[in-house]
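# An overview of the molecular structure
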Amino acid sequence: MTVDIQPLKKQIGRKIEDEDVVTQAPIKAMIATFDRPDKVPAEGEPIAPGWHLLYLHSYARPAQLGKDGAAFTGGVLPEIPMPRRMYAGSTFTFDGDIRVGDKLRREIEFSDIQLRQGSTGNLIVTTQTRRIFTPRGLALTEAANTVFREEVKSGTRSGVPVRDAAPNDVPWRRTITPSSVMLFRYSAITFNPHRIHYDKPYCMEVEGYPGLVVHGPFAQQCLFDLLRDSMPGRRIKTFTVRARAPLFDNAPFDVVGRPTPDGNGAELWTVTPKGTIAAQATATLA
């Protein structure tokens, strides 16, 4: 398949804005979904890292959704000539707190697009830079990457890359047992219509995966939670996640990590059932 991204590059710099208000109800849903011990923050109290995804959703209308359920138009990205999409990672910079009761304003910018070759063929990698402002100013900047790839013929197994072995000499370790119910609930509270996360017949028969795909941000939240549980009282300044292979609901996966030698950061990984790296993250702490 020949792909020309030059016309798409001309749209780099395009921006959209939206607004929302931080309320408690979706936080209660997040705590229940992940079975967390967290107390629901009161009015004026900060929310945990990653919980910003409970707000400022994409409210695409049915006509804007592709057959995979995900929106193909209406956002900041141009229409991409490849139908399959996957989370590829994000880089977060935390400049301030997001608190219950805050009125949020988000600016999204289409900031990059690249054509690459992967093990499954041509890939288009896009970057959206999202800036979230509270009444106190800029709170969070996220450079979010999405990979688009060519369609897999129905009935064909989707290629799942095998990566390097994850480290074993780590002090932090947690096993996550994803289920279709957990993934459905996470899709619901983040208003994510992508069918690979909740529609098992579609996911396996059309896209060729061995089970429901664990959302990249779901696994990302597991990394955030492991870090804040392992280094309580420390504020996350930056957090970078790079996805390397998908996780599925047909087996538990591990989340592991360790502090950096200077104590001012951390390295974390999600680990496939085979012991290989699914995603890796680095963080700096205040």
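Our structure's up above, just so we're on the same page.
The notes below deal with the structure included here. From a predicted model like this one, the values you see are computed outputs, not experimental measurements. (Residues numbered from 1 in each chain as written. Predicted model: local features only at pLDDT ≥ 70, side-chain atom pairs only at ≥ 80, totals over all residues. Heavy atoms only, no water.)

### Side note on the overall build of the chain
Across its full length, the chain holds five helices and 10 strands. Its C-alpha atoms give the chain a radius of gyration of 19 Å, within 12% of the compact-globule value 19 Å for 286 residues. Along the longest, intermediate and shortest principal axes, the C-alpha atoms of the chain span 50 × 40 × 35 Å. In the chain, buried positions account for 49% of the 286 residues. (Helix = DSSP H or I, 4+ residues; strand = E, 2+ residues; numbered from the N terminus. Rg over C-alpha atoms; globule rule 2.2 N^0.38 Å. Buried < 20%, exposed > 50% of the residue type's maximum accessible area, 1.4 Å probe, protein only.)

### Some remarks on the environment of Phe248
Within the fold, Phe248 resides in the loop between strand S7 (236-243) and strand S8 (253-259). Classification of Phe248 by relative accessible area gives buried; the value is 11%. It is 35 Å that separates the C-alpha atoms of Phe248 and Ala42, two residues lying 206 residues apart in sequence.

### Looking at helix H3 (residues 180-189)
The complete set of buried residues in H3 reads Met182, Leu183, Tyr186, Ser187 and Ile189. Contacts made by the buried residues of H3 are with helix H2 (25-33) and helix H5 (216-230). Two residues or fewer past H3, Phe191 is found with a positive phi of approximately 50°. (Contact = heavy atoms within 4.5 Å.)

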